[in-house]
Amino acid sequence: MLGCDTEFIINSTGHSFKTLASLRSHSQFADVLLLIGNKEVPIMVHSAVLACNSEYYNTAFATRWRLSEDLKLPPGFQENSRIHAVLKHPDVQVDVMNCILDYLYTGATTIPQTLLIKVALFSNQILLDGLKDEIGTQLASKIGVTYMNALEYYNCGENLGLSYSHFAKRALLVMADHLKDSLVAGREWLGKMDEKAIAKMLEFESILTAAQRWEVLVSWSKTRQNLEDIGIESGIPSDFDVEMAQADMVHLVNLVGLCHLNTREYSTLVGPIKCLLQGPTRDFVEAHFSKECASDYLFTSRMRASENSKILNDKAFAMFLTQVTARIDRTEPIHQIFDATLLFRGSTAAFYPSSFHAACDGKKNTVTLVKLENGMIIGGYGDSVWLSVPHNTASIRVQESFVFSIDNKEPMFKVKWFQLKPDGLSAGMRCSSSNGPSFRLFDILGKTCVFSYEYRSCYRNSEKWPIWTQAQIEEYEVYQLS
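The paragraphs below set out a description of the structure included in this document. (Residues numbered from 1 in each chain as written. Predicted model: local features only at pLDDT ≥ 70, side-chain atom pairs only at ≥ 80, totals over all residues. Heavy atoms only, no water.)

1. Quick look at the packing of helix H5 (residues 116-125) against helix H7 (residues 150-159)
Line of reasoning, step 1. The interhelical angle for the contact between H5 and H7, taken along N-to-C directions, is 20 degrees, at an axis separation of 10 Å. With respect to each other, H5 and H7 are oriented roughly parallel. For the pair H5 and H7, the sense of crossing is left-handed. Packed against H5, whose contacting residues are Ile-117, Leu-121 and Asn-124, the element H7 presents Glu-152, Tyr-153, Asn-155, Cys-156 and Asn-159 at the interface.
Line of reasoning, step 2. For the contact of H5 with H7, the class distribution of residues is four nonpolar, three polar and one charged. (Axes fitted to C-alpha atoms, helices over the stretch in contact; angles between N-to-C directions. Helix = DSSP H or I, 4+ residues; strand = E, 2+ residues; numbered from the N terminus. Parallel < 35°, antiparallel > 145°, perpendicular 65-115°, else oblique. Left-handed = near helix turned anticlockwise from the far one by under 90°. Contact = heavy atoms within 4.5 Å. Nonpolar A, V, L, I, M, F, W, Y, C, P; charged D, E, K, R; others polar.)

So this is what it looks like as structure tokens:
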């Protein structure tokens, strides 16, 4: 006799999957029409299946894309009274959509290697984290990066979230070794990148040289106009819209660092197509590579300094200030003139913090240059005002704040930027009446610079901030930009 408390578990998972797979292939009970790709290929699906397995579709069916009276159904679907919603996915391939639907209906799908990244990106878009992560595991363990798929791999890393950011760096390392071939092979993915995505790629200055960043930018502008030959060597065809290219590139040129090119690179890569640069930018670059004194032009073209720096020579100081203003003012025309007013020099006041605050409190948009006795040059920028508070516990909420280190060894001049995260009161500038200018990663105490280990307060940098416990200061200067 069976006990009344006995329970029996009957697992029919396999049967359920077979049933759903059968349902997928029969559309007689489907109630949603998907229109896929730019040709709007129709696919009938079941709202209950999609809503149960995807939060994206659950929200969509509940709040959006309901069938309205003015929506015209494609030929052959007008008489279908069961259709209560129409969803369009214009940027998705039919094969990609079918892989996604197989997964939604059965929990399994077979994806060709050529579609892996496209399926991963669409999975991310419709919040299918399980499928996205499974594909990520396959990409990391089994799929190698070559110049043929480097741009595809890069886009995957940049769009799937922080846990996949190493994909982007790995792809860029491959691209750096085979840039021309990578750009040609990945032109489809290059063409899909918007201005923001290109800007992020150009910021990998520790991987891509200035010449390579310029080549990426030119090739991207050519894909925007659907040119067959996107190589930089092919020049500019007669039907190329130069004004459109200038508009596309105007906010990105500063990220290339054209002044870091050598003369040969400038004459071969920029000179023949300098028409892509807007007038003031073109004049600026031409003057830099002319045989005349470039440093004078650098000051008058972008900066006016009230007093020369004692930390950097005239040319290096001009280049540094030009790069700073380019970094904090990307949306403004490059021909706008900035003033750099010296507010304070540490050695003139025996490095007393009280003298710093007397000169700088209430001043905003300041850049601090610090030369250490070991020869290193570092500094920081903040857009908020300096203040004096009794204890070193108050940080200032800023919109823009970063620290930097400068390599000023001849003939190279290079700045490494370390953007500070705007994550509330703990970010950016720090104020104390007993300190000189202080940022989240370092504090100036008289003639001593004390460093912290807060790596997490930096982002958008490919290298870690150079850390010491403390170092002695030879000189520091504070300039206000206006």
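There is more to say after this.
2. A closer look at the pairing of strand S13 (residues 442-445)
Line of reasoning, step 1. Where strand S12 (residues 438-439) and S13 come together, two bridges link them in antiparallel fashion. Note on S13: the bridge partner recorded for Ser-438 is Asp-443.
Line of reasoning, step 2. The hairpin turn running from S12 into S13, its antiparallel successor, is two residues long.
Line of reasoning, step 3. Pairing of S13 with strand S14 (residues 448-451), which is carried by four bridges, proceeds in the antiparallel orientation. Looking at the pairing, Ile-444 lines up with Cys-449 of S14.
Line of reasoning, step 4. The antiparallel hairpin formed by S13 and S14 contains two residues in its connecting segment, where Gly-446 sits at a positive phi of about 65 degrees. (Pairing = 2+ DSSP bridges.)

3. Notes on the pairing of strand S10 (residues 414-420)
Line of reasoning, step 1. Of all seven residues in S10, five are buried, a share of seventy percent or more.
Line of reasoning, step 2. The sheet contact formed by strand S9 (residues 401-407) and S10 spans six bridges and is antiparallel. Following the sheet pairing, Ile-406 is matched in S10 by Val-415. (Buried < 20%, exposed > 50% of the residue type's maximum accessible area, 1.4 Å probe, protein only.)

4. Looking at unusual backbone geometry
Line of reasoning, step 1. The backbone of Glu-40 shows a phi angle near 55 degrees, a positive value even though the residue is not glycine.
Line of reasoning, step 2. Along the chain, Glu-40 falls in the loop between strand S1 (32-36) and strand S2 (41-45).
Line of reasoning, step 3. Given the relative accessible area of 35%, Glu-40 is considered partly exposed.
Line of reasoning, step 4. Within the chain, Phe-351 stands out as a residue other than glycine whose phi angle is a positive 65 degrees.
Line of reasoning, step 5. A relative accessible area of 8% places Phe-351 in the buried class.

5. Focus on the nonpolar core
Line of reasoning, step 1. Formed by 91 residues in total, the largest nonpolar core has its most connected members in Tyr-57, Met-97 and Trp-214.
Line of reasoning, step 2. If we skip the residues at most four places from it in the chain, Met-97 touches Leu-34, Ile-36, Ile-43, Tyr-57, His-89, Val-92 and Phe-122. (Core = buried A, V, L, I, M, F, W, Y, C linked by side-chain atoms within 4.5 Å.)

6. So, the packing of H5 against helix H6 (residues 129-142)
Line of reasoning, step 1. For the pair H5 and H6, the least separation of the axes is 8 Å and the interaxial angle reads 150 degrees. When the axes of H5 and H6 are compared, the pair comes out roughly antiparallel. For the pair H5 and H6, the crossing hand works out as left-handed. Across from Leu-116, Ile-117, Val-119, Ala-120, Ser-123 and Asn-124 in H5, the residues of H6 making contact are Leu-131, Lys-132, Ile-135 and Leu-139.
Line of reasoning, step 2. Residues belonging to the contact of H5 with H6 are distributed by class as follows: seven nonpolar, two polar and one charged.

7. As for helix H4 (residues 94-106)
Line of reasoning, step 1. Between its terminal C-alpha atoms H4 stretches 18 Å, which fits the 18 Å expected from 13 residues at 1.5 Å a residue.
Line of reasoning, step 2. All of the buried residues in H4 are Val-96, Met-97, Cys-99, Ile-100, Leu-101, Tyr-103, Leu-104, Tyr-105 and Thr-106.
Line of reasoning, step 3. Taken from the residues just after H4, Gly-107 is the one with a positive phi, measuring 80 degrees. (Expected span 1.5 Å × (residues − 1).)

8. Quick look at the sheet that holds S2
Line of reasoning, step 1. Strand order in this open sheet of three strands is S2-S1-S3, and the pairing throughout is mixed. Two strands close off the open sheet at either side, each with one partner strand: S2 and strand S3 (85-89). Here the strands of the sheet are splayed against their neighbours by 25 degrees on average, with no regard to which way each runs.
Line of reasoning, step 2. Pairing of S1 with S2 involves five bridges; the strand directions are antiparallel.

9. Focus: H7
Line of reasoning, step 1. Counting buried positions along H7 yields eight of ten residues, so the element is predominantly enclosed.
Line of reasoning, step 2. Every buried residue of H7 is accounted for by Ala-150, Leu-151, Glu-152, Tyr-153, Tyr-154, Asn-155, Cys-156 and Gly-157.
Line of reasoning, step 3. Tucked inside the fold, the buried residues of H7 contact H5, H6, helix H8 (165-177), helix H9 (179-185), helix H10 (187-192) and helix H11 (195-202).

10. Topic: the side chain of Gln-480
Line of reasoning, step 1. Assignment of secondary structure puts Gln-480 in strand S16 (residues 470-481).
Line of reasoning, step 2. Under the relative-accessibility criterion, Gln-480 is labelled buried at 18%.
Line of reasoning, step 3. Within the structure, the side chain of Gln-480 is placed 3.2 Å from the backbone oxygen of Lys-364, a separation counted as a polar contact.
Line of reasoning, step 4. Those residues in contact with Gln-480 that lie beyond four places of it in its chain are Asp-339, Ala-340, Thr-341, Leu-343, Lys-363, Lys-364, Asn-365 and Thr-366. (Polar contact = N/O pair within 3.5 Å; in protein donor to acceptor, adjacent residues only side chain to side chain.)

11. Observations regarding the packing of aromatic side chains
Line of reasoning, step 1. Going through the model one piece at a time under the given rule, you end up with eleven aromatic pairs.
Line of reasoning, step 2. Seen from their ring centres, Tyr-56 and Tyr-57 are 5.2 Å apart, and the 85 degrees between their planes marks the pair as edge-to-face.
Line of reasoning, step 3. Exposure remark for Tyr-57: the relative accessible area of 0% places this residue in the buried category.
Line of reasoning, step 4. Taking 6.1 Å as the distance between ring centres and 70 degrees as the angle between the ring planes, the aromatic pair formed by Phe-344 and Phe-356 counts as edge-to-face. With Phe-344 in strand S5 (residues 338-345) and Phe-356 in helix H19 (residues 353-360), this pair connects stretches of sequence that are twelve residues apart.
Line of reasoning, step 5. The class for Phe-344 is buried, based on a relative accessible area of 5%.
Line of reasoning, step 6. Given the relative accessible area of 0%, Phe-356 is considered buried. (Phe/Tyr/Trp six-rings, centres within 6.5 Å; stacked < 30°, edge-to-face > 60°.)

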